[in-house]
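Secondary and tertiary structure notes
Chain by chain, the residues run as shown.
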Amino acid sequence: MAAPTVFLVMINGQIESAEFPEFDDIYCKYCFSYGLDWAITSGLEESITQITKKSRDQYQRFVWNFPIDATFKSTSPSGWPQLVVYAYGLDAFGTDVVRGYGVCHIPITPGRHKLKIPMFVPESSSLFQKLTAWFLGRRPEYVNPRVVAQGEGREVTRVRSQGFVTVSFNIIMKDMKKLGYDILPSDVQNPTIPDNVKSTMTATS
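Since this is a predicted model, take the numbers as computed values, not measurements.

The rules behind the values
Residues numbered from 1 in each chain as written. Predicted model: local features only at pLDDT ≥ 70, side-chain atom pairs only at ≥ 80, totals over all residues. Heavy atoms only, no water. Helix = DSSP H or I, 4+ residues; strand = E, 2+ residues; numbered from the N terminus. Buried < 20%, exposed > 50% of the residue type's maximum accessible area, 1.4 Å probe, protein only. Contact = heavy atoms within 4.5 Å. Areas by Shrake-Rupley, 256 points an atom, 1.4 Å probe, with all protein chains shown as cover. Polar contact = N/O pair within 3.5 Å; in protein donor to acceptor, adjacent residues only side chain to side chain.

**Digging into the overall build of the chain**
When helices and strands are tallied, the chain shows 3 helices and 9 strands. The linear arrangement of helices and strands in the chain, starting from the amino end, is β-β-β-β-β-β-β-β-α-β-α-α. Counting the 205 residues in the chain, one finds 38% classified as buried. Counted over contacts in the chain with a minimum sequence separation of 6, partners at least 24 positions apart contribute 75%. If you sum the accessible surface of the chain, you get close to 12100 Å²; carbon and sulfur atoms cover 56% of it.

Encoded structure:
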């Protein structure tokens, strides 16, 4: 049997919910950003959720439970996929405006993971531009949302924190070990045994 030349990373999960206490009627989009050695073999590379209202309880969450399902193949961990999420809602004039951008790396270990992604919005560079954007209903936003997953040019962008999005992942990996990549966390490979457990083991041995 020929040795594998690529490994697979299978992603199944959900964009579960969001917290934007100041707003209502929000929907979310997502896309993946990844390196040149990576390719998506099945599933959706980007999609959009339904519009939802925030809950009327003390949590005031927007709940989507929108599925994420994709499989990637690669020969190298370099350029590991990132999930870019960006939320939109209506302003006072009924115009779609961005409510937040966020990004996280796909977890690098198999199993179930839940992440709370901090969101941010770009800021106008001056008060005049801020007023003009408000009156015209054209708030600052990125032409390509994948820019938030890259380092180039980010240092010259003014941003403001705004809300959170909660995402869950179920990660399955195939053939990484065969290609020489160890994906077990170090605390699983070399577990730390507490002193009280060590003494019990010594006493019973």
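**Side note on unusual backbone geometry**
Residues other than glycine seldom take positive phi values, yet Asp25 does so here, at roughly 55 degrees. The exposure class of Asp25 is partly exposed, given its relative accessible area of 27%. Of note, Gln60 is a non-glycine position whose phi angle comes to about 50 degrees, a positive value. Mapped onto the elements of the fold, Gln60 is located in the loop between strand S4 (46-48) and strand S5 (62-74). Accessibility expressed as a relative area gives 33% for Gln60, which makes it partly exposed.

**Let's talk about the environment of Gln60**
Sequence-wise, Gln60 and Ala18 are 42 residues apart; in three dimensions their C-alpha atoms are separated by 8.9 Å. Aside from chain neighbours lying at most four places away, what touches Gln60 is Ala18, Pro21, Lys54 and Ser55.

**Some thoughts on the side chain of Thr71**
Note that Thr71 resides in strand S5. Overall, the relative accessible area of 12% leaves Thr71 in the buried class. Discounting residues that sit within four places of it in the chain, Thr71 has contacts with Val9, Met10, Ala39, Ile40, Thr41 and Ser42.

**Comments concerning the environment of Ser74**
Relative to the elements of secondary structure, Ser74 occurs in strand S5. Linking Ser74 and Leu36, residues 38 residues apart in sequence, is a C-alpha distance of 9.0 Å. When near neighbours in sequence (up to four residues on either side) are disregarded, Ser74 contacts Val6, Phe7, Asp37 and Trp38. A polar contact is formed between the side chain of Ser74 and the backbone oxygen of Asp37, at a distance of 3.3 Å.

Functional significance is not addressed by these values, which are geometric in nature.
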